Amino acid sequence: LKLQGCDAGFLDGRDGILAADQLLYNGAYHCSIMTAFARRGMGYDAVQGSANSVTDQISGFSTVQSILTLTQSVQQQLEGLNVTYTNTVKAGVCSGLTNYLLTDTLPTNVTYVSGGTYNAATRVVSFPVNINAGQTQTYAFTVQVNNGSYFPPANLLDEQVTTAGIPAGWATSLSVGSDNFVVSSAQSHSAPNSFFGVNSVGASDFRIATTNPIAMGAAPPTFTFWGNYNTEDGWDGGVVEISTNAGATWLDLGAQMTENGYNGSMGTGSNNPLGGRSAFTGNSNGWKKTTVSLLPFANQNALFRFRAASDDNTSAIGWYVDDILLQSRAQVNMRSSLFNSSNVRVQVKDTFTIIIQNAGCTPVTVTSQPNNANACAGTNATFTVVA
Ligand SMILES: [Ca+2]
Ligand SMILES: [Ca+2]
């Protein structure tokens with residue numbers, strides 16, 4: 001029981017027993033234990049929710065576990081050259097993966113070269129996945145970055161919070177409590193200011209949102225921001241949301257965070273309006289850059305908001321947000337999906353390859369004739385054109 005941690009839920013208890021088996025018996029009884037838990041709804045696909053709520057858990061009966069990772073041969077590539085993507089699928093120790101399917105849909109700025117089975121009509125590269133329990137298998141494919149796919153980066157939103165008050169293009173709103181987002185010079189990632197949401201003493205829910213919908217286009221921009229938070233750990237914190245219907249409804253972006261996403265959740269039962277939700281909570285120990293993939297929001301018009309919430313007791317400092325950037329840049333957006341035998345997607349992974357300009361192939365135009373030169377019989381005259 002010492003291994004399950006503080007404020008344990010049922011799955012924490014399960015994991016504590018599994019950890020004990022690992023320490024004492026090198027995991028010899030892992031599958032026996034998991035099978036017993038899975039029969040009672042605490043399988044690998046179960047979701048605990050908050051340890052303090054008896055209503056937000058999701059039961060799962062599966063002893064099948066799959067882990068998907070996606071890597072690329074280079075982080076950036078010139079137009080006209082190749083990138084190889086490698087999917088790695090690992091099966092859990094209790095069950096193999098039978099009749100699974102791994103797919104990658106090629107974006108339009110690349111051309112298929114090799115690997116897997118390619119359907120040119122749907123632009124999907126696919127691999128059947130059949131591996132034994134505990135085994136790992138890699139599935140690689142190669143694409144060529146199309147010539148002409150580079151374009152200079154363009155910032156659709158670049159908020160460095162340089163003004164003393166709330167800058168144009170942003171609006172605060174308040175649902176619960178009396179605190180709200182302000183501009184602060186106490187902390188900044190870029191001097192002199194940042195947005196700041198205090199960690200309220202009482203229950204609170206307040207937001208700062210963009211006011212002008214931004215077109216995501218066919219290849220959505222990358223969304224990044226810097227955050228620095230110190231809130232009551234596990235009870236108060238912040239979330240980031242998107243709206244694609246002019247603010248009528250908002251969707252949490254936690255599932256789209258590919259770098260420095262939420263680090264915990266906010267507890268229920270003490271009047272936090274967002275109790276039970278994943279969030280930035282506790283102490284970030286300084287500034288951290290969060291990256292968000294907006295791939296699912298292609299061709300939509302989006303608003304973004306930062307939302308702070310707290311429960312009805314105990315405060316800390318709060319949440320600073322700065323250098324909020326939506327940058328459209330030439331990149332290959334690759335997304336891998338792993339489907340089980342019932343065609344349910346069980347894993348998804350994204351990666352991005354920056355496309356860089358092929359400086360060696362810039363077209364040049366001769367606008368005036370070079371000066372005359374002499375050439376002797378059997379020799380060349382050389383003329384130079386500078387791009
Ligand atoms: Ca700033
Ligand atoms: Ca609190």
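Participant: Could you give an account of the overall build of the protein chain, with specific residues and numbers?
Facilitator: In terms of helices and strands, the protein chain carries two helices and 25 strands. Its C-alpha atoms put the protein chain at 95 × 60 × 40 Å along the principal axes. The proportion of buried residues among the 387 residues of the protein chain is 40%. In the protein chain, once contacts between residues fewer than 6 apart in sequence are set aside, the share between residues at least 24 apart is 71%. A total of about 19500 Å² of accessible surface is found on the protein chain, and carbon and sulfur atoms cover 50% of it. In the protein chain, 16 side chains carry a positive charge and 23 a negative one; their mean positions are 9 Å apart.

Participant: I'd like a description of the coordination of the calcium ion (ligand 1), backed by residues and values.
Facilitator: Note on metal geometry: ideal angles are 109.5 degrees for four donors arranged tetrahedrally and 90 or 180 degrees for six donors arranged octahedrally. For the calcium ion (ligand 1), the protein coordination sphere consists of Gln160 (O), Ser190 (O), Ser190 (OG), Asn193 (O), Asp322 (OD) and Asp322 (OD), at 2.3 to 2.5 Å. Between the six donor atoms coordinating the calcium ion (ligand 1), the angles at the centre fall across 53 to 159°, so the site counts as irregular. Each donor residue of the calcium ion (ligand 1) lies on one chain, and together they are spaced Q-x29-S-x2-N-x128-D. In this pair, Gln160 is assigned in the loop between strand 9 (154-159) and strand 10 (170-176) and Asn193 in the loop between strand 11 (182-184) and strand 12 (194-198), connecting sequence segments 33 residues apart.

Participant: Residues and numbers for empty space enclosed by the protein, please.
Facilitator: For the structure shown, the criterion picks out two cavities of 30 Å³ or more. Considering only enclosed or pocket space, the largest cavity measures out at about 50 Å³ in volume. Forming the boundary of the largest cavity are 13 residues, of which Val198, Asn199, Gly237, Ala308 and Ala309 lie nearest the centre. Taken together, the elements giving at least two residues each to the lining of the largest cavity come down to strand 12, strand 22 (301-310) and strand 23 (318-328). As a volume, the second largest cavity reaches approximately 40 Å³. Among the residues forming the lining of the second largest cavity, the class breakdown is six nonpolar, four polar and no charged. Each of domain 2 (66-151 + 331-359) and domain 3 (154-328) accounts for three or more of the residues forming the lining of the second largest cavity.

Participant: Quick one: what's the story with the coordination of the calcium ion (ligand 2), residue by residue and with numbers?
Facilitator: Here the calcium ion (ligand 2) is held by Glu232 (OE), Asp236 (OD), Asp236 (OD), Asp311 (OD), Asn313 (O) and Thr314 (O), and the distances to it run 2.2 to 2.7 Å. Given six donor atoms and angles of 51 to 160° at the metal, the environment of the calcium ion (ligand 2) is assigned as irregular. Donor residues binding the calcium ion (ligand 2) come from one chain and are separated in sequence as E-x3-D-x74-D-x1-N-T. Residue classification places Asp311 among the buried residues on the basis of a relative accessible area of 1%. Judged by its relative accessible area of 32%, Asn313 is partly exposed.

Participant: Please set out the sheet that holds strand 6 (residues 117-119) residue by residue, giving values where relevant.
Facilitator: The six strands are arranged 2-25-24-4-7-6 in an open sheet whose pairing can be described as mixed. Only two strands of the sheet have a single neighbouring strand rather than two, namely strand 2 (76-78) and strand 6. Going across the sheet, the axis of each strand differs from the next one's by a mean of 25°, ignoring polarity. Looking at chain direction, strand 2 and strand 25 (residues 345-356) are connected through three bridges and run parallel. For Gln77, the partnering residue across the bridge sits in strand 25 and is Ile355.

Participant: Let's hear about the nonpolar core: which residues, and what values?
Facilitator: In terms of nonpolar packing, the biggest core is built from 35 residues, with Phe223, Val240, Leu294 and Phe306 touching the most fellow members. Contributing elements (two or more residues each) for this core: strand 13 (204-210), strand 15 (222-230), strand 16 (237-243), strand 20 (278-281), strand 22 and strand 23. Considering each element in turn, this core owes the most residues, five residues, to strand 22. Not counting residues up to four positions away in its chain, the partners in contact with Val240 are Phe223, Phe225, Leu251, Asp252, Leu253, Met257, Tyr262, Phe280, Arg305, Phe306 and Trp319. Of all hydrophobic cores here, the second largest spans 24 residues; its members include Leu97, Tyr100, Leu102 and Leu338.

Participant: Tell me about the state of the cysteines, residues and numbers included.
Facilitator: Considering all chains together, one arrives at one disulfide under this definition. Here Cys31 pairs with Cys94 through a disulfide, and the sulfurs are 2.4 Å apart. Taking the sign of the S-S torsion, about -105° here, the bridge from Cys31 to Cys94 comes out left-handed. Here the residue Cys31 occupies a position in helix 2 (residues 30-39), and Cys94 occupies one in the loop between strand 3 (82-91) and strand 4 (97-105), the gap between them amounting to 63 residues.

Participant: Summarise the packing of aromatic side chains; cite the residues concerned and give the values.
Facilitator: Scanning the entire structure with this criterion turns up 19 aromatic pairs. Considering the side-chain rings of Phe225 and Phe280, the 6.2 Å spacing of their centres and the 85° angle between planes classify their relative orientation as edge-to-face. Of this pair, Phe225 sits in strand 15 while Phe280 is found in strand 20, placing the two residues 55 residues apart along the sequence. We note that Phe225, like Phe280, is buried.

Thresholds, definitions, all that
- Residues numbered from 1 in each chain as written.
- Chains lettered and ligands numbered in written order.
- Predicted model: local features only at pLDDT ≥ 70, side-chain atom pairs only at ≥ 80, totals over all residues.
- Heavy atoms only, no water.
- Helix = DSSP H or I, 4+ residues; strand = E, 2+ residues; numbered from the N terminus.
- Buried < 20%, exposed > 50% of the residue type's maximum accessible area, 1.4 Å probe, protein only.
- Contact = heavy atoms within 4.5 Å.
- Areas by Shrake-Rupley, 256 points an atom, 1.4 Å probe, with all protein chains shown as cover.
- Lys, Arg positive; Asp, Glu negative; His and termini not counted.
- Charge placed at Lys NZ, Arg CZ, Asp CG, Glu CD.
- Donors = N, O, S within 2.8 Å, 3.2 Å for Na, K, Ca; no water.
- Tetrahedral: all angles 85-135°; square planar, octahedral: opposite > 155°, others 65-115°.
- 1 Å grid on protein atoms, 1.4 Å probe; cavity = no way out; pocket = protein on both sides within 12 Å on 5 of 7 lines; lining within 4 Å.
- Points joined across faces, edges and corners; volume = space filled by probe spheres on them.
- Nonpolar A, V, L, I, M, F, W, Y, C, P; charged D, E, K, R; others polar.
- Domains from an automatic or database assignment.
- Pairing = 2+ DSSP bridges.
- Axes fitted to C-alpha atoms, helices over the stretch in contact; angles between N-to-C directions.
- Core = buried A, V, L, I, M, F, W, Y, C linked by side-chain atoms within 4.5 Å.
- Disulfide = S-S within 2.5 Å.
- Phe/Tyr/Trp six-rings, centres within 6.5 Å; stacked < 30°, edge-to-face > 60°.

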